[in-house]
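Summary of the model geometry
These are the residues of each chain, in order.
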Amino acid sequence: MSIYKAFYRSPLGAIEIVGSQDSILSLEFVDSEQASDVDLPFCLKDGLKQIDAYFKGKRKEFSLKLDPSGTKFQKSVWQQLGRIPYGSVTSYGKIARIIGQPTASRAVGSANGKNPIAIIIPCHRVVGSDGNLTGYGGGLWRKEWLIKHEKDHCI
């Protein structure tokens, strides 16, 4: 399987999007932007367009084929993350209850932290049970910015 990389310059710093010929494998913040691969497959070109529209406040949902690598449990959590509405937040405990494992909020938090496709699988929309911001791989300041960005464009 051929792997391709594309980079996007966001208001929060450089983002690397990795994909195969037909799906997105990961999206993460990186320290520096590099040149994107030449002859990107359609899924990465479309991914770049959709991420750009998101940051411009013009896209609230993504329509991309995703193929994140993870355990069955992690994938069930990530699937639930995709159901959190734009501009909303929920808690780890609530996700644990929804997936039928009410005592697994810490495991949900761990799966959330291992989400390989940030923003598109919106792990930033999960907060602590008291409403406070909790861990985010890209840094809490980015999580705060993303939540505010969505609330500002949630009309």
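Quantities reported herein were computed from a predicted structural model and do not represent experimental measurements.

So, how was this worked out
- Residues numbered from 1 in each chain as written.
- Predicted model: local features only at pLDDT ≥ 70, side-chain atom pairs only at ≥ 80, totals over all residues.
- Heavy atoms only, no water.
- Buried < 20%, exposed > 50% of the residue type's maximum accessible area, 1.4 Å probe, protein only.
- Helix = DSSP H or I, 4+ residues; strand = E, 2+ residues; numbered from the N terminus.
- Arc of directions from axis to C-beta.
- Contact = heavy atoms within 4.5 Å.
- Pairing = 2+ DSSP bridges.
- Axes fitted to C-alpha atoms, helices over the stretch in contact; angles between N-to-C directions.
- Phe/Tyr/Trp six-rings, centres within 6.5 Å; stacked < 30°, edge-to-face > 60°.
- Lys NZ or Arg CZ within 6 Å of the ring centre and 35° of its normal.
- Core = buried A, V, L, I, M, F, W, Y, C linked by side-chain atoms within 4.5 Å.

1. Observations regarding helix α4 (residues 105-113)
Since one α-helical turn is 3.6 residues long, residues separated by three or four positions face the same way. Residues of α4 that are buried: V108, A111 and N112. For α4, the buried positions fall inside an angular range of 100° around the axis, keeping them on one side. Pointing more than 90 degrees away from the buried face of α4 are the exposed residues R106 and G113. The inward-facing, buried residues of α4 contact α2 (72-81), α3 (92-98) and β5 (126-127).

2. Some thoughts on the sheet that holds strand β1 (residues 4-10)
One open sheet holds the three strands; their spatial order is β1-β2-β3, and the pairing between them is antiparallel. Of all the strands in the sheet, just β1 and β3 (24-29) have a single pairing partner and so form its edges. Averaged over all adjacent pairs, the angle separating strand axes in this sheet is 20°, with direction ignored. Where β1 lies against strand β2 (residues 13-19), seven bridges are found, and the strand directions are antiparallel. Looking at β2, one finds that S10 is bridged to G13. On the sheet, helix α1 (residues 42-55) packs against β1, β2 and β3 and is oriented at approximately 15° with respect to β1.

3. Observations regarding the packing of aromatic side chains
The description of an aromatic ring pair rests on the distance of the ring centres and on the angle between the ring planes. Within the structure shown, the criterion is met by five aromatic pairs. Look at Y54 and F55: their rings are 5.3 Å apart centre to centre, the planes differ by 85°, and that puts the pair in the edge-to-face class. Like F55, Y54 is buried. When the ring of Y54 is compared with that of F62, the centres are 5.7 Å apart and the planes differ by 35°; the resulting orientation is tilted. Across the pair, F62 and Y54 agree in class, each one buried. Within the aromatic cluster, the residues linked to one another by ring pairs are Y8, Y54, F55, F62, Y86 and W145. In this structure, R142 is placed above the aromatic ring of F29, and the distance from its NZ or CZ to the ring centre is 4.3 Å.

4. A few points about the nonpolar core
Considering soluble globular proteins, one finds that nonpolar side chains tend to be buried as a cluster. With 37 residues, the main nonpolar core has I15, I17, L27, I51, F55, L81 and I119 as its most contacted residues. Of all the elements in the fold, those that place two or more residues in this core are β1, β2, β3, α1, α2, α3 and α4. No other element matches the six residues that α1 contributes to this core. Excluding anything up to four places from it in sequence, I119 contacts I15, L27, F29, I51, Y54, F55, F62, H124, Y136 and L146.

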